[in-house]
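Survey of secondary and tertiary structure
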Protein chains: 2
Amino acid sequence: MENRVERIKKQLHSASYKLTPQREATVRVLLENEEDHLSAEDVYLLVKEKSPEIGLATVYRTLELLTELKIVDKINFGDGVSRYDLRKEGAAHFHHHLVCIECGAVSEILEDLLKDVEQKVEQDWNFEIKYHRLIFHGICENCKENEKIIDEE
Amino acid sequence: MENRVERIKKQLHSASYKLTPQREATVRVLLENEEDHLSAEDVYLLVKEKSPEIGLATVYRTLELLTELKIVDKINFGDGVSRYDLRKEGAAHFHHHLVCIECGAVSEILEDLLKDVEQKVEQDWNFEIKYHRLIFHGICENCKENEKIIDEE
DNA sequence: CTGAGTGCAAAAGGTTTGCAAAACT
DNA sequence: AGTTTTGCAAACCTTTTGCACTCAG
């Protein structure tokens, strides 16, 4: 945890930005809720619990900055809000997501499933891929279970 | 063209909606600009050329309706606007997109590249996939050409 | 002192909604 | 008549921006 904050601090410094208290609070919220795909508002509310004087605009500015430095990825699941996702250490490729259309749960696939597909696209379409977004929408394990139970009643 | 309008008319009717003149004008714009990934505003302006009395809200409502009926897909390339894409006839799976980060051009991959990947995800994560979104961001053929020319100067 | 960073409030931009009028059945 | 659809304007929500203030070097 601490060393991840340290690492981000260095990343900011090497781009001549400072890790201000507000930025640090924001980063910590992201680290503490790594699994949660928080929206800017979510982050704001969480940061506010510990640093009530922070402003929403600052959170937005920090998230934008972190996105620029590729410390977080800005994602969109189609619900009209941007969400922010910490990059895994040293991950060359953005991970994939499974979004449950029943309960809204989001889980992650860290494994890169697209090696072969990317190679094909680069060749066949003569397109140089920089990054990709892959989101599966469907029904998660839990909701499948629940449906079974309902059916049996 | 005409038969595609007819088909959509039937789809609406079977869900007890009417193909009003405004809806038809909207559908025609989508058909005429099938390659273009239009935003609601884009559609509105194009519809307005032929039916100046139409309102923006009607276009939004029509696009929402068409999305519900799965006649179009609502997509988001991360530029803060929703775009609408006619489904290909009988396409079981939503097609993939290549978005150029230089010039913004969007092209489509109709071929389904994810058969194997989906099978793996369904098995390994016990997740029932309903649909997916796959977007590659990178540099398109043209922009790669242009870069070469610039380098050579 | 100077520039970077902040908080607040206002503005912006895309989308949705309330409502009365219009269209259709 | 009754239901659906429409156009307009207002409301809404997320995100961005302007500006004066603060803080660190």
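Conventions and cut-offs
- Residues numbered from 1 in each chain as written.
- Chains lettered and ligands numbered in written order.
- Predicted model: local features only at pLDDT ≥ 70, side-chain atom pairs only at ≥ 80, totals over all residues.
- Heavy atoms only, no water.
- Buried < 20%, exposed > 50% of the residue type's maximum accessible area, 1.4 Å probe, protein only.
- Helix = DSSP H or I, 4+ residues; strand = E, 2+ residues; numbered from the N terminus.
- Pairing = 2+ DSSP bridges.
- Contact = heavy atoms within 4.5 Å.
- Buried area = accessible area lost by both parts, 1.4 Å probe.
- Salt bridge = Lys/Arg side-chain N within 4 Å of Asp/Glu carboxyl O.
- Polar contact = N/O pair within 3.5 Å; in protein donor to acceptor, adjacent residues only side chain to side chain.
- Nonpolar A, V, L, I, M, F, W, Y, C, P; charged D, E, K, R; others polar.
- pLDDT = per-residue confidence, 0-100.
- Axes fitted to C-alpha atoms, helices over the stretch in contact; angles between N-to-C directions.
- Parallel < 35°, antiparallel > 145°, perpendicular 65-115°, else oblique.
- Left-handed = near helix turned anticlockwise from the far one by under 90°.
- Least-squares fit on C-alpha atoms with pLDDT ≥ 70 in both.
- Near = heavy atom within 4 Å.
- Core = buried A, V, L, I, M, F, W, Y, C linked by side-chain atoms within 4.5 Å.

**Describing the pairing of strand S3 (residues 82-86) of chain A**
Put simply, side chains in a regular strand alternate between the two faces of the sheet. Residues and elements named next belong to chain A. Counting buried positions along S3 gives 4 out of 5 residues, so the element sits mostly inside the fold. Bridge analysis of strand S1 (residues 38-39) against S3 gives 2 bridges, and the strand direction is antiparallel. In the sheet register, Leu38 faces S3, and the bridge partner there is Tyr84.

**A word on the interface of chain B and chain A**
With 32 residues of chain B at the contact, the number on the chain A side is 32 residues. Summed over both partners, the interface of chain B with chain A comes to about 3,100 Å²; 67% of that surface belongs to carbon and sulfur atoms. If you sort the residues of chain B by the area they bury against chain A, B:Trp125, B:Phe127 and B:Phe136 come out on top, with a joint share of 20%. The interface formed by chain B and chain A includes 2 salt bridges. Note that B:Glu111 and A:Lys120 form a salt bridge whose closest N and O atoms lie 3.6 Å from each other. At the boundary of chain B with chain A, the tally comes to 12 residue pairs in polar contact (both at pLDDT 80 or more). Mapped onto the side of chain B that touches chain A, the elements with two or more residues apiece are strand S4 (96-100), strand S5 (106-109), helix H5 (115-125), strand S6 (128-139) and helix H6 (141-152) of chain B. If you tally residues by element for the side of chain B that touches chain A, the top one is S6(B), at 12 residues. A breakdown of the residues in the side of chain B that touches chain A according to their chemical character gives 18 nonpolar, 5 polar and 9 charged. Sheet analysis places strand S6 (residues 128-139) of chain A next to S6(B), joined by 11 bridges and oriented antiparallel. The residue bridging A:Ile139 from the neighbouring strand is B:Glu128, located in S6(B).

**As for the side chain of B:Asp85**
All names here are of chain B. The topology assignment puts Asp85 in strand S3 (residues 82-86). Judged by its relative accessible area of 1%, Asp85 falls in the buried class. Beyond its immediate chain neighbours, meaning those up to four positions away, Asp85 contacts Glu34, His37, Ile71, Val72, Asp73, Ile75, Phe94, His95, His97 and Glu108.

**Details of the confidence of the model for chain A**
The predicted model of chain A averages 90 in pLDDT, with 95% of residues at 70 or higher. Here helix H6 (residues 141-152) of chain A is the element of chain A with the lowest mean pLDDT, 80, and helix H4 (residues 56-68) of chain A is the one with the highest, 97.

**Observations regarding the packing of helix H2 (residues 21-32) of chain A against helix H3 (residues 40-50) of chain A**
Residues and elements named next belong to chain A. It is the contact of H2 with H3, at a shortest axis distance of 9 Å, that shows an interaxial angle of 115°. Between H2 and H3, the angle is such that the two are roughly perpendicular. Crossing of H2 against H3: the hand is right-handed. On H3, the residues touching Ala25, Thr26, Val29, Leu30 and Glu32 of H2 are Val43, Leu46, Val47 and Lys50. For the contact of H2 with H3, a count of residues per class yields 6 nonpolar, 1 polar and 2 charged.

**Considering the relation of the copies chain B and chain A**
For the match of chain B to chain A, the screw axis carries a shift of 0.0 Å, the RMSD comes to 0.1 Å, and the turn is 179°. A rotation of that kind, with that shift, is consistent with a two-fold axis. Using C-alpha coordinates, one finds that chain B approaches the rotation axis most closely at B:Leu134, a distance of 2.3 Å. A shared interface surface links the copies, since 100% of the contact residues of chain B are contact residues in chain A too.

**Quick word on the protein's contact with DNA strand C**
Lining the immediate surroundings of DNA strand C are 18 residues, of which A:Thr20, A:Arg23, A:Thr58, A:Arg61 and B:Tyr60 lie closest. The sugar-phosphate backbone supplies 73% of the atoms of DNA strand C found within 4 Å of the protein. A:Arg61 is positioned such that a nitrogen or oxygen atom in its side chain is 2.8 Å from a base nitrogen of DNA strand C. For the surface near DNA strand C, the elements supplying multiple residues, two or more each, are H2 and H4 of chain A together with helix H4 (56-68) of chain B. Residues of the surface near DNA strand C, tallied by class, amount to 7 nonpolar, 6 polar and 5 charged.

**Quick word on the nonpolar core**
Among the nonpolar cores identified, the biggest contains 28 residues, and A:Phe136 and B:Phe136 are the most heavily contacted of them. Broken down by secondary-structure element, the contributors of at least two residues to this core are strand S4 (96-100), helix H5 (115-125) and S6 of chain A together with S4, H5 and S6 of chain B. With sequence-adjacent residues up to four places away left out, A:Phe136 is seen in contact with A:His97, A:Leu98, A:Val99, B:Leu114, B:Val117, B:Glu118, B:Val121, B:Phe127, B:Ile129, B:Tyr131 and B:His132.

**A short note on the protein's contact with DNA strand D**
Close to DNA strand D lie 19 residues; A:Tyr60, A:Ser82, B:Thr20, B:Thr58 and B:Arg61 are nearest. The share of sugar and phosphate among atoms of DNA strand D within 4 Å of the protein is 72%. Here A:Arg61 contributes a side-chain N or O atom positioned 3.4 Å from a base oxygen of DNA strand D. Between DNA strand D and B:Arg61 there is a distance of 2.8 Å, counted from a base nitrogen to a side-chain nitrogen or oxygen. Residue assignment for the surface near DNA strand D shows that the elements contributing at least two residues are H4 of chain A together with helix H2 (21-32) and H4 of chain B. Top element by residues in the surface near DNA strand D is H4(A). It accounts for 4 residues. The residue makeup of the surface near DNA strand D, split by class, is 8 nonpolar, 6 polar and 5 charged.

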